[in-house]
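Residue-level structural notes
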Amino acid sequence: MLEILYRDEHLIAINKPSGLLVHKSFYAGEADTYAIQELRKQIGQKVYPVHRLDRKTSGVLLFTLDKETLRKMSTQFEEKMVKKRYIAILRGWAKEEETIDYDLINENEVKQNAITYYRRLQTSEIDLPFLKHQTSRYCLVEAIPQTGRFHQLRKHFKHILHPILGCRKHGCNKQNKLWLQTFGINKMTLHAHQLIFNHPISNEKMIVNATIDDEFKRVGDILKLDLSAYS
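These figures come from a predicted structure and were not determined experimentally.

Comments concerning the overall build of the protein chain
Of the regular secondary structure elements, the protein chain holds 5 helices and 12 strands. Against the 2.2 N^0.38 benchmark of 17 Å for 231 residues, the protein chain shows a C-alpha radius of gyration of 18 Å, consistent with a compact globule. A principal-axis box enclosing the C-alpha atoms of the protein chain has dimensions of 55 × 35 × 35 Å. Each of the 231 residues in the protein chain was classed as buried or not, and the buried ones make up 48%. For the protein chain, restricting intrachain contacts to residue pairs at least 6 apart in sequence, the fraction spanning at least 24 positions comes to 62%. Looking at charge distribution, the protein chain has the averaged site of its 36 positive side-chain charges lying 5 Å from that of its 27 negative ones.

A few points about the pattern of salt bridges
If charged atoms from side chains of opposite charge come close, those side chains can pair. For the coordinates displayed, the defined rule picks out 12 salt bridges. Among the salt bridges present, the one from K41 reaches E38, with a minimum N-O distance of 3.2 Å. Residue K41 and its partner E38 are located together in helix α1 (residues 35-43), separated by 3 residues, close to a single helical turn. Given the relative accessible area of 63%, K41 is considered exposed. One salt bridge connects R71 with E68, and the closest N-O pair in it is separated by 2.5 Å. With R71 and E68 both in helix α2 (residues 67-78) and 3 residues apart, this pair spans about one turn of that helix.

Considering the pairing of strand β12 (residues 205-209)
In β12, alternate side chains face the same way, and those of M206 and V208 are buried while those of K205, I207 and N209 on the opposite face are not. Across 5 bridges, strand β11 (residues 190-198) lies against β12 in antiparallel orientation. Within β12, the residue paired with L195 across the bridge is V208. Hairpin connection of β11 to β12: 6 residues between the antiparallel strands, including N203 at a positive phi of 70°.

Looking at the nonpolar core
Grouped together as the largest cluster of nonpolar side chains are 33 residues, with contacts concentrated most on L39, V47, F63, L90, Y118, F157 and I164. Looking at this core, the elements that each hand over two or more residues are β2 (11-16), α1, β4 (58-64), β5 (83-91), β10 (136-145), α3 (152-159) and β11. In terms of residue count, the dominant contributor to this core is α1 (4 residues). Setting aside anything within four residues of it in sequence, one finds V47 in contact with I12, I36, L39, R40, F63, T64 and L65. Counting residues in hydrophobic clusters, the runner-up holds 19 residues, among them Y138, L165, C172 and V219.

With respect to α2
For α2, spanning 12 residues, the distance from its first C-alpha to its last is 16 Å, which sits close to the expected 16 Å at 1.5 Å a residue. Those residues of α2 that sit buried are T69, M73, Q76 and F77. Axial view of α2: buried residues confined to an arc of 100°, hence all on one face. With respect to the buried face of α2, the exposed residues turned more than 90 degrees away are K67 and E78. Packed against the buried residues of α2 are β2, β4, β5 and β11. Between a side-chain oxygen at the N-terminus of α2 and the backbone nitrogen of E68 the separation is 3.2 Å; the capping residue is D66. Once α2 ends, the next one or two residues include K80, with phi positive near 60°.

Conventions we followed
- Residues numbered from 1 in each chain as written.
- Predicted model: local features only at pLDDT ≥ 70, side-chain atom pairs only at ≥ 80, totals over all residues.
- Heavy atoms only, no water.
- Helix = DSSP H or I, 4+ residues; strand = E, 2+ residues; numbered from the N terminus.
- Rg over C-alpha atoms; globule rule 2.2 N^0.38 Å.
- Buried < 20%, exposed > 50% of the residue type's maximum accessible area, 1.4 Å probe, protein only.
- Contact = heavy atoms within 4.5 Å.
- Lys, Arg positive; Asp, Glu negative; His and termini not counted.
- Charge placed at Lys NZ, Arg CZ, Asp CG, Glu CD.
- Salt bridge = Lys/Arg side-chain N within 4 Å of Asp/Glu carboxyl O.
- Pairing = 2+ DSSP bridges.
- Core = buried A, V, L, I, M, F, W, Y, C linked by side-chain atoms within 4.5 Å.
- Expected span 1.5 Å × (residues − 1).
- Arc of directions from axis to C-beta.
- Polar contact = N/O pair within 3.5 Å; in protein donor to acceptor, adjacent residues only side chain to side chain.

The following block contains the structure:
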């Protein structure tokens, strides 16, 4: 059963688990289950996804229950009226805050402007030898994308040489292998913890939060990070 975070006659939001595709996609490949199908079965009616999360990304995923509400919510996303907040664990200690303005190439080989603001929340250093270093450093950041490009956060953090822990395609595979061998963990530590928008019917300010899963908590425990605000 999918965790429902909010529901009324127009909207429904879930806490999408890591590993679940939102819907069929040429770029993501095939799967046995999809969020859109599972949610339709669970509530017994059609749902329309407003945005998407990567397969390995967990967190707040918003759907509408009718096409008119979908149109209104899509307009909010297009006009950048929706704020998406993510948390991620990065390799190394990133800057205290930074705006990454770095163009990305999309699936059709088209260059697109992409902007991400992030701020560092906590740092960690553990006794885990890696290459020439006797310890390993990590940090917890909150990221707020100003644009919504494919794999934007994963690509942007790779660009600044602080890849997301557990990300395979745009991460550090040597670090990922080290975590799998040492701790039995291969989770990508990227979670959409909050979505802020105006209700498309009432115009009420909506803040929807999603808690992290047990595997994310386990990574936090190893690194002695305080994740209580997201649990």
